[in-house]
Amino acid sequence: MRTLLEIGLGNAVGATLLAALACAGARLCRHPAMTHGLWLLVFVKLLTPPLFRLPIDLDTPAPRPTPESVSIVHESAEPMILDRDALAATLSILEQSPAEPGNAVPAFGLVEGITVLWLAGSAVWFCWTALSLLTFRRLLACAGTPSAALQLRVDELSRQLGLRTAPRVALVPGRLSPMVWSFLGRPRLLFPARLFDSLSPDQTDTLILHELAHLARRDHWVRWLELLASGLYWWLPVVWLARRALHAAEEECCDRAVTRALPGSGCDYALALVQTLAFLAPARTTLPPAASAAAAVSQIKRRLAMILRKQSISLVARLGGAVLLGLALVALPWAPTIAQQPKEQQPSPQQLRRQQIEVLRQLLKSLEQEQQAEEQALRAKNTFVVETLNQPAQPKKTAEGTQFLIEAIVDAQKTAADQQKKLAEDHAKRAKEAEMRLRIKAAQPKAGDVVQAKDEIDQLRAKIAQAESDLGAAQANLVQLQAALDKLALHKSKAQPATGEFFAISLRSAQASDMAKILNDLFSAHPSDKSRITIVPDPRTNTLLIQAAADDLITVRTLIERLDIGTEKKTRN
Amino acid sequence: MSEKSATVPAAELAVLQTLWERGPASVRQLSEALYSGGAAQYGTVHKLLERLESKNYVQRRRSGREHLFLPTLGRDEFLGRELEVLVDKMCGGSLQPLLSHLIRSKGLTPQELSDLLALIEKLSRESRPEKRRPKKGAD
C-alpha cells in the first residue's frame, strides 16, 4: 500500500509540473493542437510510471533493543552449556518485545488509511460513472430516431474528412448540444431534433463537421484516458483543471477543422454556434444565481474571433510550443525509478522474529539429536554389561570373568567419555555460531506478532525442560554404573577368591535401587552373609546384579520373589 | 412534476414504454404485455405504477371497475428531459461521460446572446473589407 501511495503521489507531482508546462505553452504559442497535446500529456503522465517516488514515513519507527538485552547474548560463553544459555538469552530477547508496547508496528497505519480512502473514492467514482453511462445508453436506445436525409449528409461529410466509417446519426429530443457518443459500440452522432429543424442546411453542415472532426481526431479515445485518470486521481485539482483546458483545446481544434474543410463558412458556423447556445438557453430572462457563464462566454468569444479572423500563428510561437512538447514527451515515459535496481530491503520485525525462531528450532533439534546419541551410547554400554553378566556360569573361570567384566566396563566408560567430549566440542562450536547469529539479529528492531512469539517461547521452554530431564536421567545412569565399577574394583583390590556366580534379576514392580538397599541392609546385619553376597542395582533396566554362591542365590531369589509381589521375574544365570 | 426528475429505473421505463405504445391500460393489461404471465406479476406491475405515479409520470383514471393508467407526458418530452438531466449531471458535475460536446455552456442570458450576435456582426464587417481591399487595389 505504501508503494501504491508513493507511486500515486509521485505521479501527481509529475502531472502538476507538466500542467505548469502546459499552461506556459498555452500562453506562449496559442496553438490549439499543441496546447491539446500538452494537456493530454498531463493525463498520460498520471497513468505512466512515476518520474520519482515520494518517500512516505508516517508511521512511528520501532525502537531498537536496549544494550542490556543484547549483552545477555554476548556474555554467555560457557563451552559445555553454552547452547542452553544461548537459547535462554534468545528467549529472553523474544520475551522482551511483547512487553514493550512501543515495539508493536501498527497493523493499519495512516498510510494504509489514506490509501484505502483513495481507492474507495475511486471505486465509488467508477461505479457512479458506469451507472450513468449505462442509463444514458438505455435512454438513447428509446430516443434515437434515425433520419435518412441526415444520415446521407453525414456519410458525405465523413468521406470529406477522411473517416472510413461514418457514425450513426440519431435525432434526440430535449435541449442537448450536438455531441458524439462512443460507449460499447460504434460511435453515434447525437443531434437535437429541434435544433436540426431551426438551422439552415449550411449551418447544420458546419455543426456536423465539428462533431465528425472529434471522431477524426480520435477524441473519443482521449475520453477513455481522461475517464481513467479522473477516476484514479479524483482528489487532484490539476486533473479537473486539465480536463477543462483539454476540452477547450479540443473544441478549438475542431473549429479549425471546420473552417479548413468548408472555406468561407465562418459566418455560418459562428451563427450556428450562437443559435445552438440560444437553443440550449432555458426560457428565462434572468440569470439564475451562481450560474454565471462568464468564463464560457469569453471562451465562445475567443472561438468566434478565431473562426472569423483566421488568426495565424507565428513561427517563433510554433517553435516554442514544439520545444515544450518535446521536453514533456522526453520527461514522460522514462522514469528513473524503473531503471534503478531494486534496493535490498531491510527485513521487517516480523521476518526477524521468524528467523530467530527458526534458528532456535534448528539449534534445539541438533541438541535433541545429540542427546539421543548420548543415550544410545549409554544404552549400548549397559546392554553389554548386562549380557556379560548373564553369561553361563563357568566356576573355573570366575576370577578371569570378573577381571574381564571390569575391563569391559572401564573400556565402555572410556568410550562414553570420549563421545561426551566430542559432543561438548560440537556443542561449543554450534553455540558460538548461534551466538553470532543472535548478536546480529538482536541489533535489529523486533516487534509484532506477539501471540505467535509467545507460543514459540512456550514450545521452546517445554523442549528445553524435556532435554534437561533426559540429560539428568543419563547422568544418574552414569553415577550408578560408576558405583558398580567402584564396587567391582574394590573386590578386585582385596583379591578375594571368587565365592559365587553372577546373576541378573529383572524386577517388575519394585525399584531396583530400593530392593538393593533393603537386601544390603538385611545382609549387612549378618557379616558372614554380607561378605559372600554383592547386590548392585541398575536403575535404568530396573535389574539387580548379584554375585553370590548357588546356595545363597536361592535365599536371595526367595526374598526377591516375596518382595516383588505380583510380578513375574526373569532369572537367568 | 419536479423540473429535474431522477432517471427512472429500467423496469419503470419499460412500463412507460408500454403505456406510450398502447395508450391507457390497466394493471392486468400491463402485466400481460410486459411479462406475458399475468397474475404472477400483477403485484410487481402495480408497485411500479405506484412509483411512477408518485413521480407524476403516470396518472390513473377510473373506468368501470378498474383503474386505467396513462402517461402524463409524451415519450419525447420525457426522454428529452431525462437526457438533459443526465447530461447536465455528467458534464456539469463531477462525472465525465464519453461525450464530446459542441458547446458546454448553458444558461446564457438573452443579453449575452445578443452580445455574441453583435460580436459576429462586428467580426464579419472587419473581415469583409480585408477581403475587398486587395480587390479594390487590384482594380
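Computed from a predicted structure; not experimentally measured.

Rules used in this analysis
Residues numbered from 1 in each chain as written. Chains lettered and ligands numbered in written order. Predicted model: local features only at pLDDT ≥ 70, side-chain atom pairs only at ≥ 80, totals over all residues. Helix = DSSP H or I, 4+ residues; strand = E, 2+ residues; numbered from the N terminus. Buried ≥ 20, exposed ≤ 12 C-beta atoms within 10 Å, placed from the backbone. Contact = placed C-beta atoms within 7 Å. Expected span 1.5 Å × (residues − 1). Arc of directions from axis to C-beta. Core = buried A, V, L, I, M, F, W, Y, C linked by C-beta atoms within 7 Å. Pairing = 2+ DSSP bridges. pLDDT = per-residue confidence, 0-100.

1. Section: the overall build of chain B
Then, in step 1: Regarding its fold elements, chain B presents 5 helices and 3 strands.
Then, in step 2: Listed by position from the N terminus, the elements making up chain B come as α-α-α-β-β-α-β-α.
Then, in step 3: For chain B, with 139 residues in total, the buried portion stands at 29%.
Then, in step 4: Residue pairs at least 24 apart in sequence account for 43% of intrachain contacts in chain B once pairs closer than 6 positions are excluded.

2. A look at helix α11 (residues 266-280) of chain A
Then, in step 1: In a regular helix each residue adds 1.5 Å, so 15 residues correspond to 21 Å; α11(A) covers 21 Å between its end C-alpha atoms and thus fits that length.
Then, in step 2: Taken residue by residue, α11(A) has G266(A), D268(A), Y269(A), A270(A), L271(A), A272(A), L273(A), V274(A), T276(A), L277(A) and L280(A) as its buried positions.

3. Details of the environment of A33(B)
Residues and elements named next belong to chain B.
Then, in step 1: Along the chain, A33 falls in helix α2 (residues 27-35).
Then, in step 2: Considering only alpha carbons, one finds A33 and R22, 11 residues apart in sequence, at a separation of 9.6 Å.
Then, in step 3: With residues near it in sequence (within four places) discarded, A33 still touches T18 and R22.

4. Some thoughts on α2(B)
A turn of α-helix holds 3.6 residues, and therefore any two residues three or four places apart point the same way.
Residues and elements named next belong to chain B.
Then, in step 1: Of all the positions in α2, only V27, L30 and S31 are classed as buried. On an axial view of α2, the arc spanned by its buried residues comes to 100°, and they lie on one face.
Then, in step 2: For α2, the secondary structure elements touched by its buried residues are α1 (10-22) and α3 (42-54).

5. Focus: the nonpolar core
Then, in step 1: L190(A), A270(A), L273(A), L304(A), V15(B) and L49(B) are the most contacted members of the largest nonpolar core, which totals 62 residues.
Then, in step 2: Per-element tally for this core: the top contributor is α11(A), with 8 residues.
Then, in step 3: When near neighbours in sequence (up to four residues on either side) are disregarded, L49(B) contacts V15(B), V27(B), V58(B) and F69(B).
Then, in step 4: If you look at the next biggest cluster of nonpolar residues, it comprises 23 residues, including L38(A), V42(A), L46(A) and A242(A).

6. So, the pairing of strand β1 (residues 168-172) of chain A
Residue and element names in this part refer to chain A.
Then, in step 1: With 4 of 5 residues buried, β1 is to be regarded as a mostly interior element.
Then, in step 2: With 5 bridges joining them, β1 and strand β3 (residues 188-192) adopt parallel strand pairing. Counted as the bridge partner of R168 is R188 from β3.

7. Observations concerning unusual backbone geometry
Leave glycine aside and you will find that most residues have negative phi; peptide bonds, for their part, are mostly trans.
Then, in step 1: Although it is not a glycine, N542(A) sits at a positive phi angle of roughly 55°.
Then, in step 2: Relative to the assigned elements, N542(A) resides in the loop between β5 (534-538) and β6 (543-548).
Then, in step 3: One non-glycine residue with positive phi stands out, namely N56(B), at about 65°.
Then, in step 4: Examined against the element boundaries, N56(B) turns out to sit in the loop between α3 and β1 (58-63).
Then, in step 5: On the basis of neighbour count, N56(B) is assigned to the exposed category, with 12 C-beta atoms found within 10 Å.

8. Topic: the confidence of the model for chain A
Then, in step 1: Chain-level pLDDT for chain A is 72 on average; 60% of the residues reach the 70-or-more range.
Then, in step 2: Per-element confidence in chain A is highest for helix α8 (residues 201-216) of chain A, whose mean pLDDT is 89, and lowest for helix α3 (residues 67-74) of chain A, whose mean pLDDT is 40.

9. Here's the deal with the environment of L161(A)
Then, in step 1: Along the chain, L161(A) falls in helix α6 (residues 148-161).
Then, in step 2: Leaving out residues up to four positions away in the same chain, L161(A) has contacts with L209(A), L212(A), A213(A), A216(A) and A261(A).

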